[in-house]
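Report on the structure
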Number of protein chains: 2
Amino acid sequence: MNEQCGNLRIAGCSFSVHPMSDQFIEHILESLEHVDTSKVWMETDDVTTTVRGRIEHVFDVTKAILLTIADRGVHVAFQGTYSIGCPGDSSGDAFMTESRERMNELNSISIDQKIAAKFSLYPMGGGDYMDTIYSQIERMEANGVDVSRAHYSTRLDGDTHSIFTGLEDVFRETEKSGSSHTVMTVTVSANSPSNKEDAS
Amino acid sequence: MNEQCGNLRIAGCSFSVHPMSDQFIEHILESLEHVDTSKVWMETDDVTTTVRGRIEHVFDVTKAILLTIADRGVHVAFQGTYSIGCPGDSSGDAFMTESRERMNELNSISIDQKIAAKFSLYPMGGGDYMDTIYSQIERMEANGVDVSRAHYSTRLDGDTHSIFTGLEDVFRETEKSGSSHTVMTVTVSANSPSNKEDAS
């Protein structure tokens, strides 16, 4: 219910990743082993995994988990809710002192994976963000991402790295523009059998 | 980006359902065949399915799709974003004239399924909703749902019908309280191997 609002600028993502395979447990466990989560606070239960920390590490870790599973060729869906401001708790605050260097980018960047993503942005606390968002979307298009309107969301088709960089920029700039509580939901599909172009 | 705000009170849900099985396509297609979607506008692509219509039919159809897949015993995850107000488009407006009778409740109610769910409510347009939400949550607890706090969300454990009735009430009452644009995200896990109590 978010009734306790802090003012620390810790970011977080509550996400779940779904490999559509009888071997879903192996895919998830091996991905979690493979990804360096040392710079984020992390907790997993039977519904979602939550990571908290600096914006760059929250995006670094979630992208790396998605990519390591997708790289195995399995059809995988990812759903994450990114949040900053009004966190409602203090778990992981100690991780805000971590350095900016991303722990997984070197491994992630070697994985070439096309995805289809839909995102929605909910700036709960004001801010002057619309122009910022449009310029970030233009930058994604310049990087080869295909942007289109979808119901209740914006659709992005293209390379995982270009899309995640764009999403992180949109999230970061919305917060900078003055929104005191920003929520962004992201749904991703990789290796979908119903999207031929997706089979990279 | 929702830049076009209408004032029609059409509700919608953009959702995806993930059976963690090599037979995920069969599970989804057979569920869609089984569920009566005649009272909602529906569109599916490779990332999500969107249903639009009256609140009761949006919840009736999404619950029925989740239940028919879970009833097969497969581990299934459901993620839905329910939205009302500021719809940004007019698809499905004609379905607002449908009668209130739920097309799937008779079949759904025969399925006894425990689930774990996490929900977050984002009232984007004001409203006096906190007391309303607390009373709805108390009602869910009275109906045997276990309510607990989770990171960025509220966790609900219990019977699918009690939980979906509670979620629909929270959504409906938030809208009634004056929020001009209400968004509610719901993540569900059924038959999870990591939750023994879940294996109903």
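Fair warning: this is a prediction, and the values are worked out from it, not measured in the lab. (Residues numbered from 1 in each chain as written. Chains lettered and ligands numbered in written order. Predicted model: local features only at pLDDT ≥ 70, side-chain atom pairs only at ≥ 80, totals over all residues. Heavy atoms only, no water.)

**So, the relation of the copies chain A and chain B**
Both copies of the chain are related by a screw-like operation: a rotation about an axis and a shift along it. Stated precisely, the cut-off is as follows: Least squares is used to superpose the copies, and the fit set is the C-alpha atoms of residues whose pLDDT is at least 70 in both copies. Contacts are assigned to residue pairs that have any heavy atoms within 4.5 Å of one another.
Taken as rigid bodies, chain A and chain B are interconverted by a rotation of 180 degrees and an axial shift of 0.0 Å, the fit giving an RMSD of 0.0 Å. On the angle and the small slide along the axis, the relation comes out as a two-fold axis. Same-surface contact between copies: 100% of interface residues of chain A are shared with the interface of chain B.

**Some thoughts on the sheet that holds strand β7 (residues 153-159) of chain B**
Residues and elements named next belong to chain B. The condition that has to hold: Any two strands with at least two DSSP bridges between them are considered paired. Counting from the N terminus, the helices are the DSSP runs of H or I reaching at least four residues and the strands are the DSSP runs of E reaching at least two. Where helices are involved, their axes are fitted lines through C-alpha atoms of the stretch in contact, as for all axes, and angles between N-to-C directions lie from 0 to 180°.
A sheet is described by the order of its strands in space; here 8 strands give the open sequence β2-β3-β1-β4-β8-β5-β7-β6, paired in antiparallel fashion. Strand pairing shows two members of the sheet lacking a second neighbour, β2 (41-44) and β6 (146-150), which therefore form its edges. Pairwise comparison of adjacent strand axes, ignoring direction, gives a mean angle of 20 degrees for this sheet. Here strand β5 (residues 114-123) runs beside strand β8 (residues 182-190); their pairing, made up of 9 bridges, is antiparallel. Note on β8: the bridge partner recorded for Leu121 is Met184.

**Quick look at the environment of Ala70 of chain A**
Residues and elements named next belong to chain A. Assignment of secondary structure puts Ala70 in helix α2 (residues 55-70). Taking C-alpha positions, Ala70 is 11 Å from Met20, a pair spaced 50 residues apart along the chain. Once residues lying within four places of it in the same chain are set aside, the contact partners of Ala70 are Val76, Gln113, Ala190 and Asn191.

**Focus: the sheet that holds strand β1 (residues 11-19) of chain A**
Residue and element names in this part refer to chain A. What the 8 strands build is an open sheet, ordered β2-β3-β1-β4-β8-β5-β7-β6; its pairing is antiparallel. This sheet does not close on itself; its edge strands, each paired only once, are β2 (41-44) and β6 (146-150). Each neighbouring strand pair of the sheet contributes to a mean axis angle of 20 degrees, computed without reference to strand direction. As defined by bridge partners, β1 adjoins strand β3 (residues 49-53) across 5 bridges and the pair is classed as antiparallel. Pairing of Ser14 across the sheet is with Thr50, part of β3.

**Brief notes about the interface of chain A and chain B**
Interfaces are often sized by the amount of accessible area the parts lose when they come together. Formally: By buried area we mean how much accessible surface two parts lose on assembly, using a 1.4 Å probe and totalling the loss over both. Basic side-chain nitrogens of Lys or Arg form a salt bridge, by our definition, when they fall within 4 Å of a carboxyl oxygen of Asp or Glu. Side-chain classes are defined by residue name, with Ala, Val, Leu, Ile, Met, Phe, Trp, Tyr, Cys and Pro counting as nonpolar, Asp, Glu, Lys and Arg as charged, and the others, Gly among them, as polar.
At the interface, 56 residues of chain A touch 56 residues of chain B. Here chain A and chain B share an interface that buries about 4,700 Å² over both sides, 57% of which is from carbon and sulfur atoms. Put simply, Asp45 of chain B and Lys118 of chain A hold a salt bridge, and the shortest N to O gap is 2.8 Å. Here the element with the most residues in the side of chain A that touches chain B is β1 of chain A; it accounts for 7 residues. Classifying every residue of the side of chain A that touches chain B by side-chain character gives 23 nonpolar, 23 polar and 10 charged.

**Digging into the pairing of β3 of chain A**
Looking down a regular strand, the side chains alternate between one sheet face and the other. All names here are of chain A. Inclusion rule: Exposure is judged per residue with a 1.4 Å probe applied to protein chains only, and the accessible area is read against the type maximum: over 50% gives exposed, under 20% gives buried, and values in between give partly exposed.
For β3, the tally of buried residues reaches 5 of 5 residues, placing the bulk of the element in the interior. The side-chain alternation of β3 yields two buried faces, one formed by Thr49, Val51 and Gly53 and the other by Thr50 and Arg52. Of the pairings in the sheet, the one linking β2 to β3 comprises 4 bridges and is antiparallel in character. Paired with Trp41 across the two strands is Arg52, which belongs to β3. Linking β2 to β3, which pair antiparallel, is a turn of 4 residues.

**Quick notes on the pattern of salt bridges**
Summed over all chains, the structure comprises 28 salt bridges over all chains. Two residues, Arg139 of chain A and Asp169 of chain A, come together in a salt bridge whose shortest N-O distance is 3.1 Å. Taken as a pair, Arg139 of chain A in helix α4 (residues 130-142) and Asp169 of chain A in helix α5 (residues 160-176) lie far apart in primary sequence, 30 residues in all. Classification of Arg139 of chain A as partly exposed rests on a relative accessible area of 48%. One salt-bridge network, in which partners are shared between bridges, spans Asp45 and Asp46 of chain A together with Lys118, Arg155 and Asp157 of chain B.

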